[in-house]
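Structural features, examined
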Amino acid sequence: QVQVVESGGGLVQPGGSLRLSCAASGSGVSLVAMGWYRQAPGKQRELVAAITTGGKTNYADSVKGRFTISGDNAKKTVNLEMNNLKPEDTSVYYCKVWVIIHAPERYEYDYWGQGTQVTVSS
């Protein structure tokens, strides 16, 4: 019902910036929130940042002050501006979309993108 596509990953030097974008498409659903997670090899997937349709944001402590999440509810898109990137930010970043499914019965669900690689290295 929902497809999630991320873009914007790449290689950047420490201290550099990168912008990730995520777009969700589909029908029969209502958007609740969108967010970004990351998972490095051998590590557990962790929340980076999320934003609700009401504009409420949540950030991991490790990225506060460096990353900014923003969204466009109408377009079902979310961006993650990453500044002052550090080597420890290296990971695969996944876009997560929380939605309400309306049929055949109403329930909340989430969808994931395929992930985009972010590498911070000199």
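Whatever comes next refers back to the structure up there.
Source: prediction; values computed, not measured.

What counts, and where the lines are drawn
Residues numbered from 1 in each chain as written. Predicted model: local features only at pLDDT ≥ 70, side-chain atom pairs only at ≥ 80, totals over all residues. Heavy atoms only, no water. Pairing = 2+ DSSP bridges. Helix = DSSP H or I, 4+ residues; strand = E, 2+ residues; numbered from the N terminus. Axes fitted to C-alpha atoms, helices over the stretch in contact; angles between N-to-C directions. Buried < 20%, exposed > 50% of the residue type's maximum accessible area, 1.4 Å probe, protein only. Disulfide = S-S within 2.5 Å. Core = buried A, V, L, I, M, F, W, Y, C linked by side-chain atoms within 4.5 Å. Salt bridge = Lys/Arg side-chain N within 4 Å of Asp/Glu carboxyl O. Phe/Tyr/Trp six-rings, centres within 6.5 Å; stacked < 30°, edge-to-face > 60°. Lys NZ or Arg CZ within 6 Å of the ring centre and 35° of its normal.

Judged by pairing direction, the sheet is antiparallel, and its four strands sit side by side in the order β1-β3-β8-β7 without closing on themselves. Looking at which strands have only one partner, the edges of the open sheet turn out to be β1 (2-7) and β7 (67-72). In this sheet, adjacent strand axes meet at a mean angle of 15° when their direction is disregarded.

Moving on, we come to the pairing of β1. Moving residue by residue along a regular strand, the side chains alternate between the two faces of the sheet. Along β1, the buried face is formed by Val2, Val4 and Glu6; none of Gln3, Val5 and Ser7, which line the opposite face, is buried. Where β1 and strand β3 (residues 18-26) come together, six bridges link them in antiparallel fashion. Across the sheet, the residue bridging to Val4 is Ala24, located in β3.

The next subject is the state of the cysteines. One covalent bond between the sulfur atoms of two cysteine residues makes up a disulfide. As enumerated under the stated definition, the model contains one disulfide in all. The disulfide bridge from Cys22 ends at Cys95, spanning 2.0 Å between sulfur atoms. In this structure the cystine formed by Cys22 and Cys95 twists about its S-S bond by roughly -85°; its chirality is therefore left-handed. One end of the pair, Cys22, is in strand β3; the other, Cys95, is in strand β9 (residues 91-101), and 73 residues separate them in sequence. With relative accessibility at 2%, the residue Cys22 sits in the buried group.

Quick look at the nonpolar core now. One finds Trp36, Leu80, Met82 and Tyr93 to be the most contacted residues of the largest nonpolar core, which totals 31 residues. Looking at this core, the elements that each hand over two or more residues are β1, β3, β4 (29-39), β5 (46-52), β7, β8 (77-82), β9 and β11 (116-120). At five residues, the largest contribution of residues to this core is made by β9.

Right, let's get into the pattern of salt bridges. Per the stated rule, a full pass over the model turns up five salt bridges. Two residues, Arg19 and Glu81, come together in a salt bridge whose shortest N-O distance is 3.1 Å. Highlighted residues: Arg19 in strand β3 and Glu81 in strand β8, separated in sequence by 62 residues. Residue Asp89 pairs with Arg66 through a salt bridge whose shortest N-O separation is 2.8 Å. Taken together, the residues span a long stretch of sequence, with Asp89 in the loop between β8 and β9 and Arg66 in the loop between β6 (57-59) and β7 at a distance of 23 residues. Each member of the salt-bridge network shares a partner with another, and the members are Arg38, Glu46, Arg66 and Asp89.

Okay, the packing of aromatic side chains next. Scanning all chains against the criterion turns up four aromatic pairs. Pairing Tyr107 with Tyr109 gives two aromatic rings, centres 6.2 Å apart and planes at 80°, and the pair type is edge-to-face. With a relative accessible area of 35%, Tyr107 lands in the partly exposed category. By the ring-pair criterion, three or more aromatic residues cluster together here, those being Tyr37, Trp98 and Trp112. Sitting over the ring of Tyr94, Arg45 keeps its end group 3.8 Å from the ring centre. The positively charged end of Arg45 is found above the aromatic ring belonging to Trp112, 4.6 Å away from the centroid.

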